[in-house]
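Observations on the model geometry
Chain by chain, the residues run as shown.
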Amino acid sequence: MATFSAEVYQNEFLPDGGTDVHAIVTITCSGAGEAGRSGAGDAAEVVIVDTSGSMGREKIRAAQLAAAAALDQVLDGVWFAVIAGSHQARLAFPEAAQPRLVRMDSYTRSQAQAAVAGLRADGGTAMGTWLTLATRVFASVPGLAQKHAILLTDGINQHESPEDLSAAIESARGQFQCDCRGVGSDWQVAEVRRIATTLLGTVDLIARPEEMSADFERIMRQSMGRGVAEAALRVWAPQGAQVLFVRQVSPTVEDLTTRRQEVNPLTGAYPTGSWGDESRDYHVAVRLSAKGVGQEQLASRVQLAVGDEVVAQGLVKALWSNDDTLTTRIDPAVAHYTGQAELAEAIQDGLAAKASGDADVATAKLGRAVQLAAATGNDEATARLRKIVEIDDAGTGTVRLRRGVNKLDEMALDTASTKTTRVKK
Amino acid sequence: MTTVALTCPSCSGPVSAGDRYCEACGAELACEAPSGPASAASPVLTTAPRAGCRECGGEVAQDGYCTQCGARAVSARDHFSEEPAPWVAGVCDRGIRHQRNEDALALDAEPEPGSRAVMVVCDGVSSSQDCDVASLAAARTARDVLAGSTPRGAGTVAGQVAATVGVLEEAVTAANEAVIATTPAGAPNPPACTFVGAVLDESLLVVGWVGDSRAYWVPDEGEPRLLTIDDSYAAEQVALGVPRAEAEAGPQAHAITRWLGIDAPDHVPRTTSVEVLGPGWVLVCSDGLWNYCSEPGDVASLVHDTVWASTGAGPLELASALVDWANHQGGRDNITVALARAPAAPPPREERAAVEGTAAGALDPTTALPTLEPRQAAYREEGPPDGDVLS
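Residues numbered from 1 in each chain as written. Chains lettered and ligands numbered in written order. Predicted model: local features only at pLDDT ≥ 70, side-chain atom pairs only at ≥ 80, totals over all residues. Heavy atoms only, no water.

Along the backbone of chain B there are nine helices and 17 strands. With 391 residues in all, chain B has 54% of them scored as buried. Long-range pairs, those at least 24 residues apart, make up 67% of the contacts in chain B with a sequence separation of at least 6. As displayed, chain B has an accessible area near 15700 Å², and 54% of this comes from carbon and sulfur atoms. (Helix = DSSP H or I, 4+ residues; strand = E, 2+ residues; numbered from the N terminus. Buried < 20%, exposed > 50% of the residue type's maximum accessible area, 1.4 Å probe, protein only. Contact = heavy atoms within 4.5 Å. Areas by Shrake-Rupley, 256 points an atom, 1.4 Å probe, with all protein chains shown as cover.)

Further remarks concern the overall build of chain A. A tally of helices and strands in chain A yields 11 helices and 20 strands. For chain A, buried positions account for 54% of its 425 residues. Of all intrachain contacts in chain A linking residues separated by at least 6 positions in sequence, the fraction that spans at least 24 positions is 75%. Carbon and sulfur atoms make up 48% of the accessible area of chain A, which amounts to about 17500 Å² in all.

All names here are of chain B. With six of its six residues buried, strand β15 (residues 280-285) lies for the most part within the structure. Covered by surrounding structure in β15 are G280, V282 and V284 together with W281, L283 and C285, the residues of both alternating faces. Sheet analysis places strand β10 (residues 214-219) next to β15, joined by six bridges and oriented antiparallel. For P219, the partnering residue across the bridge sits in β15 and is G280. Relative to strand β16 (residues 335-342), β15 is paired through six bridges, and the arrangement is antiparallel. Opposite G280, over in β16, you have A342 as the bridge partner. (Pairing = 2+ DSSP bridges.)

A word on the environment of R226 of chain A. Residue and element names in this part refer to chain A. Note on placement: R226 falls in the loop between α6 (212-224) and β11 (228-236). The exposure class of R226 is buried, given its relative accessible area of 14%. Not counting residues up to four positions away in its chain, the partners in contact with R226 are G33, A35, Q146, S274, W275, G276, E278 and R280.

What follows concerns the interface of chain B and chain A. Contacts between the two partners involve 19 residues from chain B, matched on the other side by 21 residues from chain A. A combined buried area of about 1600 Å² lies between chain B and chain A, and 45% of that area is made up of carbon and sulfur atoms. If you look at where chain B meets chain A, you find four salt bridges. Of the charged contacts in the structure, one is a salt bridge between R94 of chain B and E296 of chain A, with a shortest N-O distance of 3.1 Å. Summed over the shared surface of chain B and chain A, the result is 13 residue pairs in polar contact (both at pLDDT 80 or more). Each residue belonging to the side of chain B that touches chain A can be placed in one class, and the counts come to five nonpolar, eight polar and six charged. (Buried area = accessible area lost by both parts, 1.4 Å probe. Salt bridge = Lys/Arg side-chain N within 4 Å of Asp/Glu carboxyl O. Polar contact = N/O pair within 3.5 Å; in protein donor to acceptor, adjacent residues only side chain to side chain. Nonpolar A, V, L, I, M, F, W, Y, C, P; charged D, E, K, R; others polar.)

This part is about the layout of surface pockets. Residues and elements named next belong to chain A. Empty space within the largest pocket amounts to approximately 1100 Å³. Forming the walls of the largest pocket are 41 residues, and the residues nearest its centre are G201, Q248, T252, V253 and E254. Take the lining of the largest pocket: its biggest share by element is six residues, from helix α8 (residues 332-355). Broken down by class, the residue content of the lining of the largest pocket amounts to 11 nonpolar, 14 polar and 16 charged. (1 Å grid on protein atoms, 1.4 Å probe; cavity = no way out; pocket = protein on both sides within 12 Å on 5 of 7 lines; lining within 4 Å. Points joined across faces, edges and corners; volume = space filled by probe spheres on them.)

All names here are of chain B. Taken in spatial order, the five strands make up an open sheet running β5-β6-β8-β9-β14, and their pairing is antiparallel. Each edge of the sheet is formed by a strand with only one pairing partner; in this case those strands are β5 (103-109) and β14 (270-275). Geometrically, the sheet is characterised by an average inter-axis angle of 10 degrees between neighbouring strands, direction not taken into account. Relative to strand β9 (residues 204-210), strand β8 (residues 195-201) is paired through seven bridges, and the arrangement is antiparallel. Across the sheet, D201 pairs through a bridge with L204, a residue of β9. Seen against the sheet, helix α2 (residues 157-181) touches β8, β9 and β14 and runs at an angle of roughly 30 degrees to β9. (Axes fitted to C-alpha atoms, helices over the stretch in contact; angles between N-to-C directions.)

Turning to the sheet that holds strand β1 (residues 3-10) of chain A, a few remarks are in order. Residues and elements named next belong to chain A. Pairing in this open sheet of five strands is antiparallel, and the strands run β1-β3-β16-β12-β13 from one edge to the other. Two strands bound the open sheet, and with one partner strand each, they are β1 and β13 (254-255). When strand β3 (residues 20-30) meets strand β16 (residues 278-287), the two strands line up antiparallel, connected through 10 bridges. Counterpart to I24 in the pairing with β16 is H283. Packing against the sheet, α8 makes contact with β1, β3, β12 (242-250) and β16, and its axis sits at approximately 90 degrees to β3.

Another point: the packing of aromatic side chains. Following the criterion strictly, the structure yields four aromatic pairs over all chains and no others. Seen from the ring of F245 of chain A, R247 of chain A lies directly overhead, with NZ or CZ sitting 4.1 Å from the centre. Positioned above the aromatic ring of W281 of chain B is the side chain of R341 of chain B, whose terminal nitrogen or guanidinium carbon lies 4.8 Å from the ring centre. (Phe/Tyr/Trp six-rings, centres within 6.5 Å; stacked < 30°, edge-to-face > 60°. Lys NZ or Arg CZ within 6 Å of the ring centre and 35° of its normal.)

This paragraph deals with the environment of A112 of chain A. All names here are of chain A. Position of A112 relative to the elements: it lies in helix α2 (residues 106-117). Residues A112 and A81, 31 residues apart in the sequence, show an inter-C-alpha distance of 8.2 Å. Those residues in contact with A112, other than ones at most four positions away along the chain, are L71, F80 and F93.

In this section: the nonpolar core. Counting residues in each nonpolar core, the largest one holds 56 residues, and the members touching the most others are F195, L205 and V284 of chain B. Broken down by element, the residue count for this core peaks at nine residues, all from α2 of chain B. Beyond its immediate stretch of four places on either side in the chain, L205 of chain B contacts A198, V199, L200, L227, T272, S273, V274, V276 and V282 of chain B. One finds V46, W79, A168 and V189 of chain A within the second-largest nonpolar core, a separate group that totals 35 residues. (Core = buried A, V, L, I, M, F, W, Y, C linked by side-chain atoms within 4.5 Å.)

Now for the packing of helix α4 (residues 162-172) of chain A against helix α5 (residues 189-198) of chain A. Residue and element names in this part refer to chain A. Relative orientation of the contacting elements α4 and α5 amounts to 20 degrees, with a least axis distance of 10 Å. Here α4 lies roughly parallel to α5, going by the angle between them. The handedness of the crossing between α4 and α5 comes out as right-handed. Judged by residue contacts, P162, L165, S166, I169 and E170 of α4 engage E191, R194, I195 and T198 from α5. (Parallel < 35°, antiparallel > 145°, perpendicular 65-115°, else oblique. Left-handed = near helix turned anticlockwise from the far one by under 90°.)

This part covers α2 of chain A. Residues and elements named next belong to chain A. Between the first and last C-alpha of α2 there are 17 Å, a value that for 12 residues agrees with the 16 Å anticipated at 1.5 Å per step. Among the residues making up α2, those that are buried are T108, R109, A112 and V116. Axial view of α2: buried residues confined to an arc of 105 degrees, hence all on one face. Exposed and facing more than 90 degrees away from the buried side of α2 are S106, Y107 and A114. (Expected span 1.5 Å × (residues − 1). Arc of directions from axis to C-beta.)

Our next topic: the packing of helix α10 (residues 379-386) of chain A against helix α11 (residues 407-416) of chain A. Residues and elements named next belong to chain A. Interaxial distance between α10 and α11 falls to 9 Å at its minimum, and their mutual angle equals 150 degrees. Between α10 and α11, the angle falls in the class roughly antiparallel. Remark: the crossing between α10 and α11 carries left-handed chirality. Every residue of α11 that contacts α10 at A381, R384 and L385 is listed here: A412, L413 and A416. Looking at the contact of α10 with α11 residue by residue, the class counts come to five nonpolar, no polar and one charged.

Our next topic: the confidence of the model for chain B. Residue and element names in this part refer to chain B. Per-chain confidence: chain B averages 79 in pLDDT, with 75% of residues scoring 70 or above. Low pLDDT, under 50, characterises residues 21-28; the predicted model gives this stretch 21 contacts beyond four residues in sequence or across chains. As scored by the predictor, the complex reaches a pTM of 0.67 and an ipTM of 0.81. (pLDDT = per-residue confidence, 0-100.)

Residue and element names in this part refer to chain A. Here R194 is to be found in helix α5. In this structure R194 comes out as partly exposed when scored by relative accessible area, which is 35%. Considering only alpha carbons, one finds R194 and I169, 25 residues apart in sequence, at a separation of 8.3 Å. The residues touching R194, leaving out its near neighbours within four places in the chain, are P162, L165, S166 and I169. Separated by 3.0 Å, the side chains of R194 and S166 make a polar contact.

Listed below in structure tokens is the structure:
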């Protein structure tokens, strides 16, 4: 039986006239169990492999091994399918005229492995069609509790319009979760990130084809360890208050603000996807009407709900005081994650400016990123930034753009930009 | 003290004073403070209030806050007042920083202004378990002992002082037993609290204390005085010549050297007596007030300013205004303020005048009391477990 807990980190003291309350809420799940085995409903997995011509012999071979490794991790009884994607989508397994799923057992596992081994590289890239087929495949079994896909691509979405891709992403929203991986340096991080973000998944770079198997195996093992099929973060704010933003800040930065679904006029729900044994941190900011010094108000109830049941709650408080020693302190967790979120933004903006040839903006943004990475102790980000810029002074963010930067280093910096380090508690 | 058999209001199962939850059904039990002058002795157990929000009328959630406006539902234990007579009143408040009110207040008075008043304030040691229950039990028990006995001695003032001191000692012993009665067997941090009791009988004021809760005499004119000497590390520093402001701001300022409770080194109150020549105020308070205003002159200014700002207000309004003032300073601790208005004194009787040489000779308690050696091992730090706030 999964259990959840919530911890709140904040400085609840506001100065006279202060209105904005910030808090980091850590939600921890334990005893999650295995996917599809909680009694809440079945789980399904779809592996989507890019089989466009650009995959070539080496990458398609690696993709075959990776898909096989992922299938090895799927638990018996879980529904599954394999999609081969090019400028169109094809159900590679099970072989069927209509979209469908089959249950994993020793027979279907060996059949699927054989089908995967027969994948050939041919054609173009239209990821929207892959997502649309995946949506239909998942819909072929009614009442599935947990639906997850792995999507592998190696190139730019050339064979359909951006509008078609957007429409396909929107249709898939809420239908399944999707972890996306790009292999090599010919795919666009922003494009694939859009898919992953909307479908509550991760995006990452696989620099070398031989790293693919281990990554797929890990993703699938993690997915199978997510025994809580679906949950939502609920944020209550008092009448007249405004929720400024709701942001996941660990393990990765994701702005959830626009994903609000109304539970009641004072409470919004933000889908979190499935949960294994893990902790996630959320940054919630609420704007209140200022109250008098000495008064107390609850600024937010931050809850985790599984279905309609609230399984954990943290209270975010506001206390107005004229004691400066209380009100001027910034909670270390709030400060840390505010910096990390700004770091992610600075990296992405800096790389975008660099790609569009605006060296001045790129230098300024990446300089700020270097400064933030140093200030928040994110050594991994500093190491990745160092491959893109020469750091003259990390403290002031003085940097120079390097010449002849390896495209993969730039993509690694981009995909990892949303990964945060935990605050030292 | 009357023994009352306590039962859970939800399932009628037996519960003990100090239980936070019913063993049988798990219902939350709250210590209900009385509204208005209380004569019944024991804390009454009721279920936690679930009435509508006082701010907006909305529903109050299980977490203690309104589901609509987020206002904290004030429990009867968090904030209460007593006014046994129009000339004697007190307010006991959670303050801002602390999660619960561990201070307690219990008063008694005869209706005739300036006749007889009993004021007791206890401050729970916040590092100890369930000290909110213990402090209320202590304050009420002591108040009942003091209210139930009107010592007159052998008809002389000295005799009356001695007899009142005797009753104060009895009251503190009973209060100590009440604290011990709330102590669970083998509690790692047994409940503990301070004690200050003031008995005003016409112009004779006798005060007894254990710990750092205080009594002041604030005449409308003339020199105000602090009647108590804290049983605290800071007070020891003051006695050694450290300036009060410096000593009370030090890191161990709130370490008290004596308290009530099962682990108390001793609980015999230190006492003093004074002839109060009204008009003026007897003020009894916890450190939630004096943390922000300690010197007698400052306390007098504060009281006089408060009186000036609320013309015609009685002790209840004034005590409430003083609590508000402390909350405006940050409300870092629970705050309790009790006031008795001493009317303009009748011409002193012959025998009262004679007091000056005896009991009143002990008016400056520093000369009458043994010098305390610092007893580090016996200190109790007041403050929440995380230690970032001192009581």
